[in-house]
Amino acid sequence: MNATVATCVFGGFMLLTVVLGLLAVRGRGSGGGLTEWSVGGRSLGTVFIWVLMAGESYTSFSYLGAAGWGYNSGAPVLYVLAYMSCGYALGYVVGPMLWAYARRHGLVGITDMIAHRYRSPWLGAAVALLATVCLLPYIQLQITGMGVVVSTISYGAISLNWAYFLAFAVTTGFVVVSGLRGSAWVSVLKDILVIGTLGFLAVYVPLHYFDGYGPFLDRIVAEKPQWLTFPGHASGGLGSVWFVTTTVVNSLTVVIFPTTVAGYLGARNADALRRNAMYLPFYNVLLFVPMLLGMAALFVVPGLVGADSNLALFKLVVDSLPAWAVGLIGAAAALSSIVPMAVFMLVIGTMWGRSVLGALSRTGGGAAGEASGEGRPGASGGRQKLWSQLVVVVAGALALLLTYTAPDTLVRLSLISYEGMAQLVPMLLLGLVWRRLTRGAAVSGLVAGFALVCVLVFGGHDPVWGMNAGIVALAVNVAVALLVTWLGPRDTDERPDAEVLALEDEFPRDGALPQGGAVSPPVSS
């Protein structure tokens with residue numbers, strides 16, 4: 001009976017998810033073009049941008065990983081709060097800059113921006129490939145996370161394999177049809193559930209198991225003090241230096257992460273992004289809940305080891321709550337997998353449809369000078385949207401297949417995902433504000449930084465000298481890029497600064513672009 005009730009509640013919210021995705025594009029027809037599908041027609045207001053970008057930060061990690069880190073190690077997990085808050089502060093400046101640059105030149109992602117900045121479609125395609133390697137593990141991890149959640153809250157009635165397929169089917173179905181706008185609509189439902197369930201658990205668990213926060217915290221201090229200080233309990237040396245360096249490198253990375261940039265480019269104007277940067281840190285307060293509840297589980301369900309520690313929060317939920325509440329909390333956790341997974345899949349599809357398959361088409365002479373993708377249903381824009389939608393299905397199916405057959409493959413790749421993406425920071429951000437950074441210098445820095453990340457991480461040297469390996473590689477990346485810039489050939493790009501750089505007058509406070517907001521065609525040479 002418990003399994004039936006919880007599964008019915010969960011199934012109802014999955015059905016509502018699909019319906020919301022379909023309603024999001026009602027009346028917009030099928031000819032909106034790549035920009036409408038991939039960045040919501042650049043028309044999302046402050047509320048939708050807020051829930052969408054909050055949805056990317058609240059993944060299955062919020063219910064599983066954060067609680068698991070709290071259970072296993074304690075204090076080091078606070079790096080998540082630190083880097084997200086610092087990243088939002090950086091986003092106050094970076095978000096409007098990237099939004100205006102992309103809108104001025106008709107671009108729909110970071111690979112587009114890099115191809116335009118360096119006048120190199122092949123470089124955009126190469127970055128798309130690199131970003132895909134870094135993003136695919138996140139899709140697999142969300143599939144796995146949702147599978148664990150669904151199997152647990154159904155009291156084992158739904159197997160892991162069926163739960164994995166359900167995650168793939170629901171997410172692929174609504175994102176192919178509704179794109180970024182559908183993800184934003186579903187994010188509203190997800191945020192209502194997340195705020196409600198985590199708010200409830202923040203009050204319920206300490207009262208139910210410890211008679212309040214006072215006795216709970218007193219017990220942690222008395223019995224588990226090593227969970228409250230760095231480097232935490234058995235964390236492998238994740239001390240204060242690691243905490244600071246990880247916060248720095250992750251806050252730089254999150255502002256250029258392809259899924260974050262998709263949120264930026266979906267905004268109606270630059271002010272929506274500035275307001276969003278101020279409001280998002282308040283949402284981060286909720287992350288304290290699974291972290292604390294993970295430590296509460298130390299006393300309620302002791303002895304969880306390995307991957308089972310990620311179930312710390314749900315062990316508390318299933319143990320003490322009625323089935324309908326378990327189903328509700330499971331739906332919130334499942335949507336926390338579906339929303340970010342949808343954006344990851346959409347971004348991979350857009351990168352390949354635009355920068356890889358689209359670049360091949362332009363090289364063949366079939367698309368140069370045609371529709372830019374700015375919502376105009378030209379032949380090129382229509383083909384790019386179709387290619388992007390097909391790639392979404394392929395990317396999701398590949399992650400699902402590897403989840404079944406070789407789960408460790410993508411998990412190992414996930415080790416370099418964030419630190420690998422950090423190596424794009426100089427190429428993108430430095431390149432948009434410094435004209436002298438040449439293509440050769442940017443590529444040299446990227447290769448040096450990414451290679452060093454792979455050597456350090458897969459060689460078991462992360463952290464290195466107590467520091468996050470990503471920031472060490474990023475420092476080498478910048479040093480190589482500057483050295484090649486100063487010693488190598490000068491830039492031969494004859495375009496004016498307004499065409500190459502993200503200038504200050506491109507992102508005014510009201511969101512209006514100068515000179516009427518003219519959009520140039522995509523790079524084709």
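Fair warning: this is a prediction, and the values are worked out from it, not measured in the lab.

Some details on the overall build of the protein chain
And then number 1: For the protein chain, the count of helices and strands is 23 helices and zero strands.
And then number 2: A total of 525 residues make up the protein chain; the buried ones form 58% of that total.
And then number 3: In the protein chain, the proportion of contacts linking residues at least 24 apart, taken out of those at least 6 apart, comes to 85%.
And then number 4: In the structure as shown, the protein chain presents an accessible area of about 19200 Å², 68% of it carried by carbon and sulfur atoms.

Topic: the pattern of salt bridges
And then number 1: Applying the stated criterion across every chain, the model contains eight salt bridges.
And then number 2: For the salt bridge of Arg 119 with Asp 493, the shortest nitrogen-to-oxygen distance reads 3.8 Å. Here Asp 493 lies in the loop between helix H22 (469-487) and helix H23 (497-500) and Arg 119 lies in the loop between helix H7 (110-117) and helix H8 (121-153), a separation of 374 residues in the sequence.
And then number 3: By relative accessible area, which is 11% here, Asp 493 ends up buried.
And then number 4: Two residues, Asp 497 and Arg 435, come together in a salt bridge whose shortest N-O distance is 2.6 Å. Of this pair, Asp 497 sits in helix H23 while Arg 435 sits in the loop between helix H20 (425-433) and helix H21 (439-458), and the two are 62 residues apart along the sequence.
And then number 5: By relative accessible area, Arg 435 is classed as buried at 19%.
And then number 6: Taken together, the salt bridges that share partners define one network made up of Arg 119, Asp 493 and Arg 495.

Topic: a nonpolar patch on the surface
And then number 1: The grouping of Leu 15, Leu 16, Val 19 and Leu 23 at the surface amounts to a nonpolar patch, some 320 Å² of accessible area in total.
And then number 2: Turning to its location among the elements, Leu 15 is positioned in helix H1 (residues 2-23).

Thoughts on the state of the cysteines
What is meant by a disulfide is a covalent connection between two cysteines, made through their sulfur atoms.
And then number 1: According to the stated counting rule, one finds zero disulfides in the structure shown.
And then number 2: No disulfide involves Cys 134; its sulfur sits 8.4 Å from that of Cys 454, the nearest cysteine.
And then number 3: According to the relative accessible area criterion, Cys 134 is buried, its value standing at 0%.

Some remarks on the side chain of Asp 191
And then number 1: For Asp 191, the position within the fold is in helix H9 (residues 160-210).
And then number 2: Not counting residues up to four positions away in its chain, the partners in contact with Asp 191 are Trp 50, Val 51, Ala 54 and Tyr 283.

Digging into the nonpolar core
And then number 1: If you look at the biggest cluster of nonpolar residues, it comprises 160 residues, and the most contacted ones within it are Tyr 63, Leu 98, Met 113, Ile 139, Leu 424, Met 427 and Leu 429.
And then number 2: Counting residues per element, this core draws most heavily on helix H16 (residues 323-363), at 20 residues.

What to know about the packing of aromatic side chains
And then number 1: For the structure on display, the rule yields 18 aromatic pairs.
And then number 2: Between Phe 210 and Phe 299 the ring centres are 6.0 Å apart and the planes differ by 80°, which places this aromatic pair in the edge-to-face class. Residue Phe 210 is located in helix H9, and its partner Phe 299 is located in helix H14 (residues 288-300); the two are separated by 89 residues in the primary sequence.
And then number 3: Phe 210 sits in the buried class, given a relative accessible area of 7%.
And then number 4: When the centroid spacing of 6.3 Å and the interplanar angle of 55° are considered together, the rings of Tyr 213 and Phe 216 count as tilted. Residue Tyr 213 and its partner Phe 216 are located together in helix H10 (residues 213-223), separated by three residues, close to a single helical turn.
And then number 5: Owing to a relative accessible area of 1%, Phe 216 belongs among the buried residues under this scheme.
And then number 6: Chaining the aromatic ring pairs together yields one cluster made of Trp 69, Tyr 79, Tyr 83, Tyr 138, Trp 242, Phe 257, Phe 344 and Tyr 418.
And then number 7: Positioned above the aromatic ring of Tyr 118, the side-chain terminus of Arg 117 is 4.6 Å from the ring centre.

Let's talk about the side chain of Ser 309
And then number 1: Residue placement: Ser 309 occurs in the loop between H14 and helix H15 (312-320).
And then number 2: Within polar-contact distance, the side chain of Ser 309 engages the backbone oxygen of Gly 306 at 2.8 Å.
And then number 3: What Ser 309 contacts, discounting residues up to four positions off in sequence, is Gly 68, Tyr 71, Asn 72 and Leu 304.

Quick word on H20
And then number 1: Summarising burial for H20: seven of the nine residues are buried, a large majority.
And then number 2: All of the buried residues along H20 are Val 425, Pro 426, Met 427, Leu 428, Leu 429, Gly 431 and Leu 432.

Quick word on the environment of Leu 44
And then number 1: Among the secondary structure elements, Leu 44 is positioned in the loop between helix H2 (33-39) and helix H3 (46-57).
And then number 2: Taking the C-alpha atoms as reference points, Leu 44 and Ala 267, separated by 223 residues in sequence, lie 4.7 Å from one another.

Some points on unusual backbone geometry
And then number 1: Geometrically, the link from Phe 230 to Pro 231 is a cis peptide bond, its omega value of 5° lying close to zero.
And then number 2: If you trace the backbone, Pro 231 turns up in the loop between H10 and helix H11 (240-254).
And then number 3: In the segment running from Asp 462 into Pro 463, the intervening peptide bond is cis, with an omega of 10°.
And then number 4: At Arg 119, a position not held by glycine, the phi torsion is positive, near 50°.

A few points about the environment of Leu 136
And then number 1: On the secondary structure map, Leu 136 appears in helix H8.
And then number 2: With a relative accessible area of 11%, Leu 136 lands in the buried category.

A few points about the confidence of the model for the protein chain
And then number 1: A residue-level look at the protein chain finds 90% of positions with pLDDT of 70 or above and a mean pLDDT of 86.
And then number 2: The least confident element of the protein chain is helix H18 (residues 407-413), whose mean pLDDT is 69; the most confident is H22, at 97.
And then number 3: For the stretch residues 365-377, pLDDT sits under 50, and the model shows 32 contacts to residues farther than four places along the chain or on other chains.
And then number 4: Below a pLDDT of 50 lies the segment residues 515-525, which in the model reaches 27 contacts outside its immediate sequence neighbourhood of four places, other chains included.

Scoring rules and cut-offs
- Every chain is numbered on its own, with residues counted from 1 as its sequence reads.
- Local features in a predicted model are, by the rule used here, given only for residues with pLDDT of at least 70; side-chain atom pairs are given and counted only at 80 or more, and totals for whole chains, interfaces and linings are based on all residues.
- Side-chain descriptors were evaluated using all non-hydrogen atoms of the structure, hydrogens and water having been removed beforehand.
- Each helix is a run of H or I in the DSSP string that is no shorter than four residues. Each strand is a run of E no shorter than two, and both are numbered from the N terminus.
- Whether a residue is buried, partly exposed or exposed follows from its accessible area with a 1.4 Å probe, protein chains only, as a fraction of its type maximum: under 20%, in between, or over 50%, in that order.
- Contacts: residue pairs with any heavy atoms within 4.5 Å of one another.
- Surface exposure here means Shrake-Rupley accessible area, sampled with a 1.4 Å probe, where a residue is shielded only by the protein chains that are shown.
- Definition used for salt bridges: Asp or Glu carboxyl oxygen within 4 Å of a side-chain nitrogen of Lys or Arg.
- Only residues whose relative accessible area exceeds 30% and that form no salt bridge are eligible for patches; like-charged ones are grouped when within 9 Å, while nonpolar side chains (Val, Leu, Ile, Met, Phe, Trp, Tyr) are grouped when within 5 Å.
- Note that a disulfide, as used here, is simply two cysteine sulfur atoms within 2.5 Å.
- As used in this record, nonpolar core signifies buried Ala, Val, Leu, Ile, Met, Phe, Trp, Tyr and Cys residues forming a set joined through side-chain atoms within 4.5 Å.
- Note on ring pairs: Phe, Tyr and Trp rings are taken, using the six-membered ring of Trp, and paired if centres are within 6.5 Å. Classes follow the plane angle, with under 30 degrees stacked, over 60 edge-to-face and the rest tilted.
- In this scheme, Lys NZ or Arg CZ marks a charge over a ring once it lies within 6 Å of the ring centre and within 35 degrees of the ring normal.
- As used in this structure description, the phrase polar contact means that two N or O atoms lie within 3.5 Å; if the pair is within protein, one of them must be able to donate a hydrogen and the other to accept it, and residues adjacent in sequence are counted only when both atoms belong to side chains.
- Think of pLDDT as the predictor's per-residue confidence, scored from 0 to 100.

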